[in-house]
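Observations on chain architecture
Below, each chain spelled out in residue letters.
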Amino acid sequence: QVQLVESGGDLVQPGGSLRLSCAGSGIIFSYNDMGWYRQAPGKERELVATSPTRGISYYADSVKGRFTISRDNAKSTLYLQMNSLKPEDTAVYYCNAQNKYNYVSYWGQGTQVTVSS
């Protein structure tokens, strides 16, 4: 059974940092393009960053210079390092995996990030 489990969400003050993790199982991690998405209350789910199997990572303009996506295929884990957090970063953050060969996609359950003073 395929599972993606996010962790690391927390309540932090503006300017703080968090590191999110996404642990995958039931998939060959290196076959999948990975991504982080987020959804704030009353907003559509939006793409934050992508980590393809090969090539350069992508970042939304709103997080460029502050967030870093990375992956460890040997550990089947995706990471999102978030620095200089702002209140507008408050959202549920979701991990996504898309198999680049059969295009099957999976979602994690999400982890809550709240940035507030």
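Above this note sits the structure.
Residues numbered from 1 in each chain as written. Predicted model: local features only at pLDDT ≥ 70, side-chain atom pairs only at ≥ 80, totals over all residues. Heavy atoms only, no water.

Attention now moves to the pattern of salt bridges. Following the criterion strictly, the structure yields four salt bridges and no others. Across the salt bridge formed by Glu46 and Arg38, the nearest N and O atoms sit 2.8 Å from each other. For Arg38, a relative accessible area of 5% gives the class buried. A salt bridge links Arg38 to Asp89; its shortest N-O distance comes to 3.0 Å. Taken as a pair, Arg38 in strand 4 (residues 32-39) and Asp89 in the loop between strand 8 (77-82) and strand 9 (91-99) lie far apart in primary sequence, 51 residues in all. (Salt bridge = Lys/Arg side-chain N within 4 Å of Asp/Glu carboxyl O. Buried < 20%, exposed > 50% of the residue type's maximum accessible area, 1.4 Å probe, protein only. Helix = DSSP H or I, 4+ residues; strand = E, 2+ residues; numbered from the N terminus.)

Residues Trp36, Val48, Phe67, Leu78, Leu80, Met82 and Tyr93 are the most contacted members of the largest nonpolar core, which totals 26 residues. Setting aside residues no more than four positions away along its own chain, Leu80 makes contact with Leu18, Arg19, Leu20, Trp36, Val48, Phe67, Thr68, Ile69 and Tyr93. (Core = buried A, V, L, I, M, F, W, Y, C linked by side-chain atoms within 4.5 Å. Contact = heavy atoms within 4.5 Å.)

A separate point is the pairing of strand 9. The buried count for strand 9 comes to eight of nine residues, which makes it a mostly enclosed element. Pairing geometry for strand 4 and strand 9, over eight bridges, is antiparallel. The residue bridging Trp36 from the neighbouring strand is Cys95, located in strand 9. Sheet topology places strand 9 next to strand 11 (residues 111-115); three bridges connect them, and they run antiparallel. Paired with Ala91 across the two strands is Val113, which belongs to strand 11. (Pairing = 2+ DSSP bridges.)

This paragraph deals with the pairing of strand 8. Across the six residues of strand 8, five count as buried, placing the element largely inside the fold. The sheet contact formed by strand 3 (residues 18-25) and strand 8 spans six bridges and is antiparallel. Bridge pairing in strand 8 places Leu20 opposite Leu80. Adjacent in sequence and paired antiparallel, strand 7 (residues 67-72) and strand 8 are bridged by four residues, among which Ser76 carries a positive phi angle near 50°.

This part takes up the environment of Met82. Checked against the element boundaries, Met82 lands in strand 8. Residue classification places Met82 among the buried positions, given a relative accessible area of 0%. Between the alpha carbons of Met82 and Val63 there is a distance of 8.6 Å; along the sequence they are 19 residues apart. Ignoring anything within four residues of it in the chain, the contact list for Met82 reads Gly16, Ser17, Leu18, Leu20, Arg66, Phe67, Tyr93 and Val113.

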